[in-house]
Amino acid sequence: MAADVALPAVTSEEAAEVLGQPTPLSAFWAAFRENHGAVFGLSVISTIALIAIFANFIAPHSPIEQFRDAVRAPPIWDAGGTWRFVLGTDGDGHDTLSRLIYGARVSLFIGLSVMSVSFVIGVVLGLLAASVGSLVDVVITRVMDLIMAVPSLVMAILVVAVLGPSLANTIVAVTIVYLPRYVRLVRASALGELTKDYVTAARVAGVGPLRLMVSTVLPNCLAPLIVQAALGVSDAILEAAGLGFLGLGAQAPTPEWGTMLADSREFIRSDPWIVALPGLAILIAVVAINLTGDGMRDAFDPRMRRT
Amino acid sequence: MIVYFLRRLALTVPTFVALMFVTFVAIRLVPGDPVEVRVGEHGISPERLAYFRHQLGLDLPVWRQFLDYCWRLLHGDFGVSLSTNQKVLTEFLTLFPATIELSVCAMLFAVAIGVPAGAVAAVKRGSVYDQALMTVSLFGYSMPIFWWGLLLIMFVSVKLEWLPVSGRIDLIAYYFDQPTGFMLIDTLLSGQSGAFLDAVRHLILPAIVLGTVPLGVIARMTRSSMLEVLSEDYVRTARAKGLSPFRVIGVHALRNALLPVVTVIGLMVSSLLAGAVLTETIFSWPGVGHWLIESISRRDYPALQGGVMLVSTVVIGVNLVVDLVYGAINPRIRHGR
């Protein structure tokens with residue numbers, strides 16, 4: 001901060017060491033670690049992330065190779081199952097296990113890209129609305145209200161109908177749908193922070209508007225934003241899978257979990273496992289992320305920390 | 001009071017105008033010739049093209065087209081569906097009761113189970129029951145409902161044959177007029193024995209599927225809001241007065257704890273309609289969501305445009321009513337901003 005220029009440079013870590021107080025990060029981690037569910041969720045999601053990263057090494061087959069000799073092969077625990085296709089094959093002879101493994105890559109990619117794009121745009125628009133005010137604020141707020149007025153999936157359907165169904169357009173559609181949450185959150189917390197004394201102090205010290213918003217106000221709005229971002233990943237994965245299920249998301253050979261589910265619907269009577277497995281993958285990923293996000297929220301919230 | 005009503009009403013106007021603008025722009029951005037997109041014919045002759053261009057007003061300047069579009073919308077003209085040649089508004093109105101029926105039943109299911117379950121969890125905080133309920137609710141609001149629906153069909157309908165797979169009623173066994181469009185009411189009015197029961201049997205699975213996410217959210221909300229209320233002084237007073245625990249929890253605590261829950265339910269209308277799109281697709285439920293998806297696969301853009309417009313208008317309307325009711329009940333909201 002400009003006000004303490006004259007003081008010797010002391011990082012918050014050093015200060016904490018001297019004062020014997022935990023740094024914000026270590027306090028957060030200590031609180032997070034106590035929540036067994038959250039730690040479990042984090043370890044599951046880390047495992048899924050590792051699977052996604054090393055999909056080429058783990059997956060026994062290519063996700064798009066069709067084994068014509070083994071269409072709809074049963075999984076290993078079923079009569080006639082073989083180790084060649086541990087989780088069986090789907091209606092086109094794709095190896096289900098390999099598709100699920102590569103699907104982790106697709107789903108995490110969707111979740112993370114939606115999250116990061118809406119995070120960045122949300123921060124920019126939210127800070128803009130809060131700092132500039134007047135007309136800019138009104139326009140941004142109204143546009144976000146409009147997006148919120150259209151049910152999320154209907155909005156996504158409209159975007160996909162215009163742009164055409166594909167993985168990239170799924171990301172665009174879901175980003176648009178989830179943008180208002182970030183913008184509103186940033187705007188609300190920034191407006192709250194702007195009334196506080198330290199902001200006035202920074203202003204008096206001559207901090208410019210850009211620096212004021214980005215390096216003075218923004219760090220104080222981050223906690224709820226990070227929680228929102230974590231939970232936003234699971235929402236984005238669900239939404240994208242929903243679009244895929246409706247045939248409006250990633251298109252067939254892409255091993256997207258929702259698309260896999262949609263393609264296997266016709267086998268619901270004959271080969272239920274083809275339907276059951278992709279959905280289970282979605283559920284596990286979403287539950288793990290939600291557990292982690294909830295744990296983060298509790299760890300950030302000092303009121304919850306004490307109890 | 002009136003000032004608040006008018007201010008809140010005025011706030012919806014720009015949202016509505018922006019919505020008209022977005023749907024207007026969206027259909028123009030659809031790739032392909034605008035006439036073909038709207039008329040649904042491909043490779044038509046230049047004369048016919050010119051005829052339709054004039055007929056549809058596409059030869060006018062864009063701003064004029066937009067104003068015409070708004071003018072038509074404000075007069076209740078939401079366009080004509082390409083696939084059925086019916087007015088979009090008429091189609092929407094015939095299908096909407098099915099969606100309302102499904103959504104209301106899903107919400108009743110969610111509230112009837114979620115509120116008591118959440119309240120008990122708060123009272124028995126930290127118990128096995130509490131932890132089990134929180135786990136179930138976590139799975140509830142994390143559920144990919146399209147998969148959940150397929151699983152239920154697989155076990156309950158296909159394997160156990162307890163409930164029907166799809167639709168609103170057995171159309172072969174029962175035939176009757178539908179004056180209201182609400183199957184539960186129409187079957188009762190028809191007086192046919194067994195028809196009402198059949199409609200209920202068709203409704204159970206879709207309502208459970210659509211109600212699953214709200215159930216998880218409501219149970220959690222009720223629990224946390226109950227926890228807050230239970231530590232309030234007036235609950236302690238009620239206990240000290242010697243009231244029975246049931247009365248303290250059921251009347252004094254729960255009534256106050258339900259306020260934020262009701263708020264959440266009000267905000268859920270939009271996500272409920274989004275969930276209805278998936279639920280109706282799985283169960284071939286002839287509602288608005290199913291219809292929107294069908295319109296896309298048939299490339300029926302006018303129906304899609306009008307449908308999105310109408311669904312969003314409903315959401316804006318409901319949110320408006322919810323806000324106005326809050327304003328009427330709670331003076332703090334009225335004078336807040």
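Basis of the calculations
Along each chain, residue indices are assigned from 1 in the same order as the chain's sequence is written. Following the order in which they are written, the chains are lettered starting with A and the ligands numbered starting with 1. In view of the model being predicted, local features appear only for residues whose pLDDT reaches at least 70, and side-chain atom pairs are presented and counted only at 80 or more, with totals across whole chains, interfaces and linings using the full set of residues. A helix here means a DSSP run of H or I that spans at least four residues, while a strand means a run of E at least two residues long, and both kinds are numbered starting from the N terminus. Residues with at least 20 other C-beta atoms within 10 Å of their own are called buried, those with 12 or fewer are called exposed, and the rest are partly exposed. The C-beta atoms themselves are positioned from the backbone. A residue pair is marked as a contact if its C-beta atoms, positioned from the backbone, fall within 7 Å. In this classification, Asp, Glu, Lys and Arg are treated as charged, Ala, Val, Leu, Ile, Met, Phe, Trp, Tyr, Cys and Pro as nonpolar, and every other residue, Gly included, as polar. Angles run from 0 to 180 degrees between N-to-C directions of axes, and those axes are lines fitted to C-alpha atoms, restricted for helices to the stretch in contact. By definition in this entry, angles of less than 35 degrees are roughly parallel, angles greater than 145 are roughly antiparallel, angles of 65 to 115 are roughly perpendicular, and the rest are oblique. For a crossing to be left-handed, the near helix must be turned anticlockwise from the far one by less than a right angle; the clockwise case is right-handed. Among buried residues, those of type Ala, Val, Leu, Ile, Met, Phe, Trp, Tyr and Cys that are joined through C-beta atoms within 7 Å form a set called a nonpolar core. Note: pLDDT gives the predictor's confidence per residue, expressed from 0 to 100. The span expected for a helix works out to 1.5 Å for each residue beyond the first. To obtain the bend at a residue, axes are fitted to the seven residues ending there and to the seven starting there, and the angle between these axes is taken.

Student: Teacher, can you tell me more about the overall build of chain B here?
Tutor: If you tally the helices and strands in chain B, you get 15 helices and 0 strands. Projected onto its principal axes, the C-alpha positions of chain B cover 85 × 55 × 35 Å. Classification of the 337 residues of chain B by burial places 37% in the buried group.

Student: So what exactly am I meant to see when it comes to the overall build of chain A here?
Tutor: A count of helical and extended segments in chain A gives 13 helices and 0 strands. Moving toward the C terminus, one meets the helices and strands of chain A in the order α-α-α-α-α-α-α-α-α-α-α-α-α. Seen through its C-alpha atoms, chain A measures out along the principal axes to roughly 75 × 50 × 30 Å. The 307 residues of chain A split such that 46% are buried. For chain A, long-range pairs separated by at least 24 residues make up 69% of all intrachain contacts whose partners lie at least 6 apart in sequence.

Student: Got a minute to help me understand the environment of G91(A) in this structure?
Tutor: Among the structural elements, G91(A) can be located in the loop between α4 (55–58) and α5 (96–132). Those residues in contact with G91(A), other than ones at most four positions away along the chain, are V71(A), R72(A), D263(A), S264(A) and F267(A).

Student: Could you clarify how one ought to interpret the interface of chain B and chain A in this entry?
Tutor: In this complex, chain B contributes 36 residues to the contact, which on the side of chain A involves 35 residues. Taken together, the elements giving at least two residues each to the side of chain B that touches chain A come down to α1 (2–29), α6 (128–141), α7 (145–159), α12 (269–282), α13 (288–297) and α14 (301–329) of chain B. Residues of the side of chain B that touches chain A, tallied by class, amount to 30 nonpolar, 6 polar and no charged.

Student: For this particular structure, what's the right way to read unusual backbone geometry?
Tutor: Leaving glycine aside, a negative phi is the common case for residues, and trans is the common case for peptide bonds. All names here are of chain B. Positioned with a positive phi, N85 is a non-glycine residue whose angle comes to about 60°. The backbone phi angle of E161 is positive, close to 55°, even though this residue is not glycine. Of the residues examined, E161 has 9 C-beta atoms within 10 Å and is grouped as exposed.

Student: Explanation requested: the packing of helix α7 (residues 152–163) of chain A against α12(B) in the structure shown.
Tutor: Each pair of packed helices gets described by two things: the angle between the helix axes and the distance between those axes. Where α7(A) meets α12(B), the closest approach of the two axes is 6 Å, and the angle between their N-to-C directions is 60°. Comparing the axis directions of α7(A) and α12(B) gives the class oblique. On α12(B), the residues touching S152(A), L153(A) and V154(A) of α7(A) are S271(B), L273(B), A274(B) and V277(B). Looking at the contact of α7(A) with α12(B) residue by residue, the classes come out as 5 nonpolar, 2 polar and no charged.

Student: Explain the packing of helix α8 (residues 167–194) of chain A against helix α10 (residues 209–245) of chain A to me, please; I cannot follow it from the model alone.
Tutor: Residues and elements named next belong to chain A. The contact between α8 and α10 brings their axes to 9 Å, and the two run at 160°. By the angle class used here, α8 and α10 are roughly antiparallel. The crossing of α8 and α10 is right-handed. Split into classes, the residues belonging to the contact of α8 with α10 amount to 16 nonpolar, 5 polar and 4 charged.

Student: Any chance you could explain the nonpolar core here in plain terms?
Tutor: In summary, soluble globular proteins display a tendency toward joint burial of nonpolar side chains. Residues V154(A), A156(A), I157(A) and I237(A) are the most contacted members of the largest nonpolar core, which totals 168 residues. Ranked by residues supplied to this core, first place goes to helix α9 (residues 195–230) of chain B with 18 residues. Beyond its immediate stretch of four places on either side in the chain, I237(A) contacts S107(A), I110(A), G111(A), I282(A), A285(A) and V286(A).

Student: I tried to follow the environment of E193(A) on my own but got confused; where do I start?
Tutor: All names here are of chain A. Relative to the elements of secondary structure, E193 occurs in helix α8. Here E193 falls in the partly exposed class, since 18 other C-beta atoms lie within 10 Å of it. Residues E193 and T216 lie 23 residues apart in sequence; the distance between their C-alpha atoms is 9.5 Å. With residues up to four places along the chain from it excluded, the contact list for E193 reads V199, V217, N220 and C221.

Student: Quick question: what am I supposed to make of the confidence of the model for chain B here?
Tutor: Low-pLDDT stretches of the model should not have their predicted coordinates read in fine detail. Of all residues in chain B, 95% have pLDDT values of 70 or greater, and the mean over the chain is 83. The ipTM value of the predicted complex is 0.84, and its pTM value is 0.85.

Student: Just checking my understanding: could you explain helix α5 (residues 88–123) of chain B for this structure?
Tutor: Each α-helix winds once per 3.6 residues, and so residues spaced three or four apart point in a common direction. Along its 36 residues, α5(B) runs 50 Å from first to last C-alpha, staying within 8% of the 52 Å computed at 1.5 Å per residue. At L95(B), α5(B) shows its maximal bend, which comes to roughly 35°, and the proline P97(B) appears one to four places after that position.

Student: Explain the environment of V213(B) here, please?
Tutor: Along the chain, V213(B) falls in helix α9. Residues contacting V213(B), with those up to four places away along its chain left out, are G140(B), Y141(B), M143(B), I145(B) and G275(B).

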